[in-house]
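Each chain is listed here by its residues.
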Amino acid sequence: MFAATQNRLLPEADVVLPGYLRLDAALFYEVSRRLRLQANAENVLDRRYFASANSNTNITPGSPRAVRLTLQAQF
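It should be emphasised that the depicted structure is a prediction, and the values quoted were computed from it without experimental measurement. (Residues numbered from 1 in each chain as written. Predicted model: local features only at pLDDT ≥ 70, side-chain atom pairs only at ≥ 80, totals over all residues. Heavy atoms only, no water.)

Draft legend 1. Highlighting the pattern of salt bridges. Counted by the stated rule, this structure contains two salt bridges. Close ionic contact of Asp24 with Arg22 constitutes a salt bridge, the shortest N to O distance being 2.8 Å. Residue classification places Arg22 among the partly exposed residues on the basis of a relative accessible area of 31%. Note that Arg68 is salt-bridged to Glu42, the shortest N-O span being 3.3 Å. On the criterion of sequence distance, the pair formed by Arg68 in strand 5 (residues 66–73) and Glu42 in strand 2 (residues 35–42) is long-range, its members being 26 residues apart. Arg68 gets classed as partly exposed once you look at its relative accessible area, which sits at 43%. Given a relative accessible area of 24%, Glu42 falls into the partly exposed group. (Salt bridge = Lys/Arg side-chain N within 4 Å of Asp/Glu carboxyl O. Buried < 20%, exposed > 50% of the residue type's maximum accessible area, 1.4 Å probe, protein only. Helix = DSSP H or I, 4+ residues; strand = E, 2+ residues; numbered from the N terminus.)

Structural data, given as structure tokens:
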């Protein structure tokens, strides 16, 4: 992905973000009819990547490994 639209006009100034592959995972467990436990993991392998860019100098890094645990209840 090009970091800015001007890259197409000035090929010598190209800033290109490298491609990436991110592994996410989720587990669900029904504790009862009304209770559900969920675990989500993002970027399981904790790889460094660039998620997006708004210009050649405003490049956003991707999120490091994150784990979220949720308990859902129905009433």
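Read on, since the account is not over.
Draft legend 2. Expanded view of the sheet that holds strand 5. Read across the sheet, three strands follow the order 1-2-5 without closing on themselves; strand pairing throughout is antiparallel. Both outer strands of the open sheet, strand 1 (25–30) and strand 5, are each paired with one neighbouring strand and no more. For this sheet the average axis-to-axis angle between neighbouring strands, irrespective of direction, equals 10 degrees. Direction of pairing for strand 1 relative to strand 2: antiparallel, over a ladder of six bridges. Among the inter-strand pairings, Tyr29 is bridged to a residue of strand 2, identified as Leu37. (Pairing = 2+ DSSP bridges. Axes fitted to C-alpha atoms, helices over the stretch in contact; angles between N-to-C directions.)

Draft legend 3. A look at the pairing of strand 3 (residues 50–53). Relative to strand 4 (residues 59–61), strand 3 runs antiparallel, the two sharing three bridges. Its bridge partner lying in strand 4, Ala53 is registered against Ile59.

Draft legend 4. Structural context of a nonpolar patch on the surface. A cluster of nonpolar residues, Tyr29, Val31, Leu37, Leu69 and Leu71, forms a patch on the protein surface that exposes about 530 Å² of accessible area. Along the polypeptide, Leu37 turns up in strand 2. Classification of Leu37 by relative accessible area gives partly exposed; the value is 33%. (Patch = residues over 30% accessible without salt bridge, like charges linked within 9 Å, V, L, I, M, F, W, Y side chains within 5 Å. Areas by Shrake-Rupley, 256 points an atom, 1.4 Å probe, with all protein chains shown as cover.)

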